[in-house]
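Residue strings, one per chain:
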Amino acid sequence: MSPPVTDWSVRHVLVEVFVPSVSRVVSRSALRTSLTLLATTALAAPLLTATPATAAPGQFTVTALKVTVRAGDRDCTVDADLYRPAGVDAAHPAPAVLTTNGFGGSKDDGSTAATAGAFAARGYVALSYSGLGFGKSGCPISLDDPQIDGKAASGLIDFLAGTRTADGGARVDFVTKDAARDPRVGMIGGSYGGAIQMATAAVDHRVDALVPLITWNDLSYSLDPNNAGRTHGVSGPLPGAYKKEWTGGFFLIGEAQGLLNPSLDPSRIGGAGCLHFVADACRTKRLLDSGRYPADRTAKMQHYARSVSPVSYLKSVKAPTLLVQGQADTLFNLNEAAATYRTLTAQGTEAKMIWQSWGHSGGMADPAPGELDLGKGNLDTSYVGQRILAWFDRYLHHKAGTDTGPAFAYYRDWVSDGPAYGTAPAFPAGGNRKLYLSGDGKLVDNRKKVTRGSREYRNWLVPTSHSESSLAGLLKLPDPAPYDIKGTYLDWTSEPVAGKPLDVVGTPKATLKVVSPKTEQVQNSPDAANRLVLFAKLYDIAPDGSKTLVHRLVAPVRVPDVTRKFTVQLPGLVHRYLPGHRLRFVIAASDAAYTGNRGIKPVTVTSAPDDTGVIELPVTQGTVG
């Protein structure tokens, strides 16, 4: 039986997530409804499915199993379903596909069951399971730690190899093997079910192919992003701006497992004051909630968050990896997949990358027409589905001549007639266009056009800019359009796009210099929270003046040193600026989805022809002006 839900983290999350978002007191029944919504939507079901893929009678059978595995320093009982295609036996073995749930889900949620069913219907043995701490699987939530969750999945690979029995004695002898203890097995899943693949492949080289969808590279960046001062990939030494809504949502789902599943395995009890998370995860959340970044505790937090993230163990991943990331995703943005892709390819691991339309945010519940939706069984008819099938044909069926597609592909929402995906033989695609910040508020295409001038903004002690309410879509709540309150931001606007449309594909960046005397006085204190925080973003301004913040993406920045220039990596995007439309670059003092500045810190930006900010756009076609 689980302990009563009175822990500090539950109380805190209820206040942080539900009070600001809902602006009212949430009743117990409403809380349960909201939790159920959260646990069956984006975080829990990243493949957007409601029901398992259907199969003709006799196409495959499903057997429920319990498998006890060693994970870290304890034994964990994993709840699983084994899908066996008709006609597959010891004399006629088949490759296997291993899949697990997104955060808050289980083997019984729509996406996990549908994924297993879709592959079983195509002749693969499939094993779907509830991740540790979810569904009816034991042990606390450990955030896809390779030494815990990865080792647990490795134990399931032993089961597929026939070298381990399920609880009760069931044994598998019908999976294709490359050696006595080496079953031919691939993995697929999204979000939390994506990172586990790389965690497993890092500790067990028997994994033959990976397809991680919409997942992370570095949790310290995902939950506390700093888009300046990076040293490798998305990672850097300074903490960023706490992504409080998304992080609060995760912990609410995890800690509320006792409300959703009243009879939990006692092994699920967590540590350090959390009900269902391991102690290090609990301490990380507590530090982020504190609003303080003392050097020693921050270093420990970053070390832990990265230890359970691919950024720390990709060097051990050798399995061919097809990365699929969502353009509409403020939780795990495109930069995370790009960082993973670059690391894998640089070390010689076979990898390709697709930027599809849907992620954790925006219109995720309704994939664009023709996009992958495993609940509809459209593997064969969607671009991403066809790429996945080819990937497994090549690396699980060993069909050497299989075309696995280009190195990089990206969904174009502006295409209505013709292929929706653009492709490139390498990433990044296209070239760079530079725009300069002029003192009169213009974005110009030549330094000689820069007007000398200075402008200032100042932050308030409450958020004055809004990009998104991270959980609004999950809880079916309205979300105001993005806005910035006058005097709390600066913007620069280009001339209209002329001639061909301007297609931006990749990760824009900005090199900036700001002046903030108040920050200079405190930025070298032992607490990194005293450094300046700002938020950079790109708008699309239509001829009628209406504006669009593409996929509501922003780049939080904790400035390393306000006396020096710094470079901001904006979130990756795929967007067409039509002729007549303008680009607007904004730096804002705050954002309602994040924790911002400590104290009032006015900021001045000065421009001169020989010394001004620069925006670099990754462009595949078109010009500005």
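You'll find the structure just up there.
Residues numbered from 1 in each chain as written. Predicted model: local features only at pLDDT ≥ 70, side-chain atom pairs only at ≥ 80, totals over all residues. Heavy atoms only, no water.

The 10 strands lie next to each other as β1-β2-β4-β3-β7-β8-β9-β10-β11-β12, forming an open sheet whose pairing is mixed. Strands at the two margins of the open sheet, each flanked by one partner only, are β1 (60-71) and β12 (421-424). Geometrically, the sheet is characterised by an average inter-axis angle of 20 degrees between neighbouring strands, direction not taken into account. Pairing of strand β3 (residues 96-100) with strand β7 (residues 185-190) involves 3 bridges; the strand directions are parallel. Within the sheet, the bridge partner assigned to V97 lies in β7 and is G186. Across the face of the sheet, helix α5 (residues 192-203) comes into contact with β3, β4 (125-129), β7 and β8 (207-213) while running at roughly 150 degrees to β7. (Pairing = 2+ DSSP bridges. Helix = DSSP H or I, 4+ residues; strand = E, 2+ residues; numbered from the N terminus. Axes fitted to C-alpha atoms, helices over the stretch in contact; angles between N-to-C directions. Contact = heavy atoms within 4.5 Å.)

This part takes up the packing of helix α7 (residues 244-255) against helix α9 (residues 279-290). Between α7 and α9, whose axes approach to 12 Å, the crossing angle comes to 145 degrees. Viewed along their axes, α7 and α9 form a crossing whose handedness is left-handed. Note on element contacts: α9 touches α7 through A281, C282 and K285, opposite T247, G248 and F251. Looking at the contact of α7 with α9 residue by residue, the classes come out as 3 nonpolar, 2 polar and 1 charged. (Left-handed = near helix turned anticlockwise from the far one by under 90°. Nonpolar A, V, L, I, M, F, W, Y, C, P; charged D, E, K, R; others polar.)

A word on the nonpolar core. Among the nonpolar cores identified, the biggest contains 58 residues, and L98, V317 and F408 are the most heavily contacted of them. The greatest single-element share of this core, amounting to 6 residues, is contributed by helix α4 (residues 146-161). Residues within four places of L98 in sequence aside, it is in contact with L127, Y129, A153, L156, I157, V185, G186, M187 and I188. Of all hydrophobic cores here, the second largest spans 36 residues; its members include L437, L534, A536 and L573. (Core = buried A, V, L, I, M, F, W, Y, C linked by side-chain atoms within 4.5 Å. Buried < 20%, exposed > 50% of the residue type's maximum accessible area, 1.4 Å probe, protein only.)

We now examine a nonpolar patch on the surface. A surface patch of nonpolar side chains, about 360 Å² in accessible area, is lined by W460, V462, Y483 and I485. With respect to the helices and strands, I485 occurs in the loop between β17 (483-484) and β18 (489-494). Using a relative accessible area of 30% as the deciding quantity, one classes I485 as partly exposed. (Patch = residues over 30% accessible without salt bridge, like charges linked within 9 Å, V, L, I, M, F, W, Y side chains within 5 Å. Areas by Shrake-Rupley, 256 points an atom, 1.4 Å probe, with all protein chains shown as cover. Salt bridge = Lys/Arg side-chain N within 4 Å of Asp/Glu carboxyl O.)

As a further point, take helix α10 (residues 295-307). Its 13 residues place the ends of α10 18 Å apart at the C-alpha level, agreeing with the 18 Å of an ideal helix rising 1.5 Å per residue. When we look at burial in α10, the residues that qualify are T298, M301, Q302, Y304, A305 and R306. Packed against the buried residues of α10 are α6 (219-223), α9 and α11 (310-313). (Expected span 1.5 Å × (residues − 1).)

This brings us to the pattern of salt bridges. Per the counting criterion, the structure on display carries 24 salt bridges. Here R206 ties to D204 by a salt bridge, and the two come within 2.7 Å at their closest N and O atoms. In this structure, a network of salt bridges that share partners links the residues K66, D79, D81, K107 and D108.

To continue, consider the state of the cysteines. Taken as a whole and assessed by the stated rule, the structure comprises 2 disulfides. Each disulfide pairs two cysteine sulfurs, and for C76 the partner residue is C139, the sulfurs being separated by 2.0 Å. For the disulfide bridge between C76 and C139, the dihedral angle about the S-S bond is near -100 degrees, and by the sign convention the bridge is left-handed. Taken as a pair, C76 in strand β2 (residues 74-85) and C139 in the loop between β4 and α4 lie far apart in primary sequence, 63 residues in all. The pair C76 / C139 is uniform in exposure class, with both members buried. Here C274 pairs with C282 through a disulfide, and the sulfurs are 2.1 Å apart. (Disulfide = S-S within 2.5 Å.)

Our next topic: helix α13 (residues 383-395). The terminal C-alpha atoms of α13 lie 19 Å apart, and with 13 residues this matches the ideal 18 Å at 1.5 Å per residue to within 8%. Here α13 has its buried residues at V384, G385, R387, I388, L389, A390, W391, F392 and Y395.

Looking now at the packing of α9 against α10. Taken N-terminus to C-terminus, the directions of α9 and α10 make an angle of 130 degrees; their axes are 10 Å apart at the nearest point. When the interaxial angle is binned, α9 and α10 end up oblique. Both α9 and α10 take part in a crossing whose hand is left-handed. Contacts between α9 and α10 involve D280, A281, T284, L287 and L288 from the first element and R297, T298, M301 and Y304 from the second. In terms of residue class, the contact of α9 with α10 is built from 5 nonpolar, 2 polar and 2 charged. (Parallel < 35°, antiparallel > 145°, perpendicular 65-115°, else oblique.)

Right, let's get into the packing of aromatic side chains. Going through the model one piece at a time under the given rule, you end up with 22 aromatic pairs. Ring geometry for F251 and F277: centres 4.2 Å apart, planes at 15 degrees, overall stacked. On the criterion of sequence distance, the pair formed by F251 in helix α7 and F277 in the loop between α8 (257-260) and α9 is long-range, its members being 26 residues apart. On the basis of relative accessibility, which here comes to 6%, the residue F251 falls in the buried class. Plain terms: the ring middles of W355 and F408 are 5.0 Å apart, the flat faces sit at 80 degrees to each other, and that makes the pair edge-to-face. Of this pair, W355 sits in strand β10 (residues 351-358) while F408 sits in strand β11 (residues 408-411), and the two are 53 residues apart along the sequence. Residue class for W355 comes out buried when judged on its relative accessible area of 0%. We classify F408 as buried; its relative accessible area is 1%. In this structure an aromatic cluster arises from ring pairing among F103, F134, Y192, W216, F250, F251, F277 and F332. (Phe/Tyr/Trp six-rings, centres within 6.5 Å; stacked < 30°, edge-to-face > 60°.)

A surface patch of positive charge is lined by R286, R292, R297 and K300. Position of R286 relative to the elements: it lies in helix α9. Taking the relative accessible area as the measure of exposure, R286 reaches 33% and is therefore partly exposed. (Lys, Arg positive; Asp, Glu negative; His and termini not counted. Charge placed at Lys NZ, Arg CZ, Asp CG, Glu CD.)

Our focus in this paragraph is the environment of T247. Its location among the elements puts T247 in helix α7. Distance from T247 to D224, taken between C-alpha atoms, is 8.9 Å for residues 23 residues apart in sequence. The contact partners of T247, leaving out residues within four places of it in the chain, are L223, Y242 and K285. At 2.8 Å, the side chain of T247 forms a polar contact with the backbone oxygen of K243. (Polar contact = N/O pair within 3.5 Å; in protein donor to acceptor, adjacent residues only side chain to side chain.)

For the rest of this paragraph, the subject is unusual backbone geometry. Backbone torsion omega between F427 and P428 reads 0 degrees, so that peptide bond is classified as cis. Within the element layout of this structure, P428 appears in the loop between β12 and β13 (431-437). Of note in the backbone geometry, D144 takes a positive phi value of approximately 60 degrees without being a glycine. Looking at where D144 falls in the secondary structure, it is placed in the loop between β4 and α4.

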